[in-house]
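# Structural characterization, general
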Amino acid sequence: MEAQLNRSIKEVIKDFPPVEKILDEYGIGCGPCAVGLCLLKDIVSIHNLPAEEEREMMGRISQMIQPGQKTQIPRVERKPEAKPKELNYSPPMKKLVDEHILIKKWLALIPEILPRLDLESEEDRQMIRDGVDFIRSYAGRFHHAKEEDILFKYFDEDLDMVKVMCEDHRTARNHVKAIVEAAERKDQETVAQHLTAYRELLSQHIKREDEIMLPWMDQRLSVSQVGEMFSKFQEVEEKMASYQKKYEDFISRLEREYRKKEE
Ligand SMILES: [Fe+2]
Ligand SMILES: [Fe+2]
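Quick caveat: nothing in here was measured; it's all calculated off a predicted structure. (Residues numbered from 1 in each chain as written. Chains lettered and ligands numbered in written order. Predicted model: local features only at pLDDT ≥ 70, side-chain atom pairs only at ≥ 80, totals over all residues. Heavy atoms only, no water.)

### Focus on the coordination of the iron ion (ligand 1)
Of the protein atoms, only E147 (OE), H169 (NE2), H205 (NE2) and E209 (OE) coordinate the iron ion (ligand 1), at distances of 2.0 to 2.2 Å. Seen from the iron ion (ligand 1), its four donor atoms lie at angles of 81 to 174°, and the figure they make is irregular. One chain supplies every donor for the iron ion (ligand 1), spaced along it as E-x21-H-x35-H-x3-E. The distance between the iron ion (ligand 1) and the iron ion (ligand 2) is 3.3 Å, with E147 acting as a donor to both metals. You can see E147 sitting in helix α7 (residues 122-150) and its partner E209 sitting in helix α9 (residues 188-220), a full 62 residues away along the chain. For E147, a relative accessible area of 0% translates into the label buried. (Donors = N, O, S within 2.8 Å, 3.2 Å for Na, K, Ca; no water. Tetrahedral: all angles 85-135°; square planar, octahedral: opposite > 155°, others 65-115°. Helix = DSSP H or I, 4+ residues; strand = E, 2+ residues; numbered from the N terminus. Buried < 20%, exposed > 50% of the residue type's maximum accessible area, 1.4 Å probe, protein only.)

### Describing empty space enclosed by the protein
Applying the stated criterion across every chain, the model contains one cavity of 30 Å³ or more. Put simply, the largest cavity is a space of about 30 Å³. In terms of lining, the largest cavity is formed by W106, I128, G131, V132, I135, I179 and L195. Tallying contributions element by element places α7 first for the lining of the largest cavity, with four residues. (1 Å grid on protein atoms, 1.4 Å probe; cavity = no way out; pocket = protein on both sides within 12 Å on 5 of 7 lines; lining within 4 Å. Points joined across faces, edges and corners; volume = space filled by probe spheres on them.)

### Comments concerning the nonpolar core
In terms of nonpolar packing, the biggest core is built from 59 residues, with W106, F134, L151, Y198 and M217 touching the most fellow members. Looking at this core, the elements that each hand over two or more residues are α6 (91-113), α7, α8 (160-184), α9, α10 (223-239) and α11 (243-262). Take this core: its biggest share by element is 11 residues, from α9. When residues no more than four places from it in sequence are discounted, the contact partners of M217 are M93, L151, F152, F155, M161 and V162. By size, the runner-up hydrophobic cluster in this structure holds 16 residues, among which are L5, I9, L23 and Y26. (Core = buried A, V, L, I, M, F, W, Y, C linked by side-chain atoms within 4.5 Å. Contact = heavy atoms within 4.5 Å.)

### A look at the coordination of the iron ion (ligand 2)
H100 (NE2), H143 (NE2), E147 (OE) and E209 (OE) make up the full set of protein donors to the iron ion (ligand 2), lying at 1.9 to 2.2 Å. Considering all four donor atoms around the iron ion (ligand 2), angles at the metal cover 83 to 165° and the coordination shape is irregular. Coordination of the iron ion (ligand 2) draws on donor residues from a single chain, spaced H-x42-H-x3-E-x61-E in sequence. Overall, E209 belongs to the buried group, its relative accessible area being 0%.

Here you go:
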């Protein structure tokens, strides 16, 4: 069992498929995750289960792998200060997580916008242009660029995790291109289809970054790399100083407008 802790979760699930279901029951959805690089022991420490749940889950996994054998239930080492279900990010990672909050606010607005969208109206076409500008400027040039041009540079570009995340960013850009073209043709259905697909993609993408990738990367960066990354992020923020306020205002305006329409 000790040896299994040091194998990648994808390999363990391949050899022992019911392990996937056990992990699922504890809210650790590794099966559908395309990354799958984490070791079994990383999975446990990253998700920070309460000690009792961790013991129970590891006991069930042990029994699955070595049925009927009396095995010592392995306890995964974790930092003593880590509280259950709480992720501790380094300061630069925390910046990325905070930027996700604004992007998630935009994603949450999409299902409210779509049923009322009327592309015959100039006002609604402008709102789509502004939404696209938010995606391209804030989520793209500002946030995704920090990830791709700074954070990912500390890791091997052939790492599956990095490749999957960059591929998601590319797919997001393709949805946006389709949204712009369809909005100009006033093709309501295609705009709705691509905005919905964008929302689903980015929601999953951000969840994987917040819960898996950023903590995984944080554990592998040295203290000096974290410091260097923080100052590189600051340089970008200074260059794009107007972005945060401008796009926070944009999201607040939309939230106010759509909340008013609901009343
Ligand atoms: Fe990303
Ligand atoms: Fe991100």
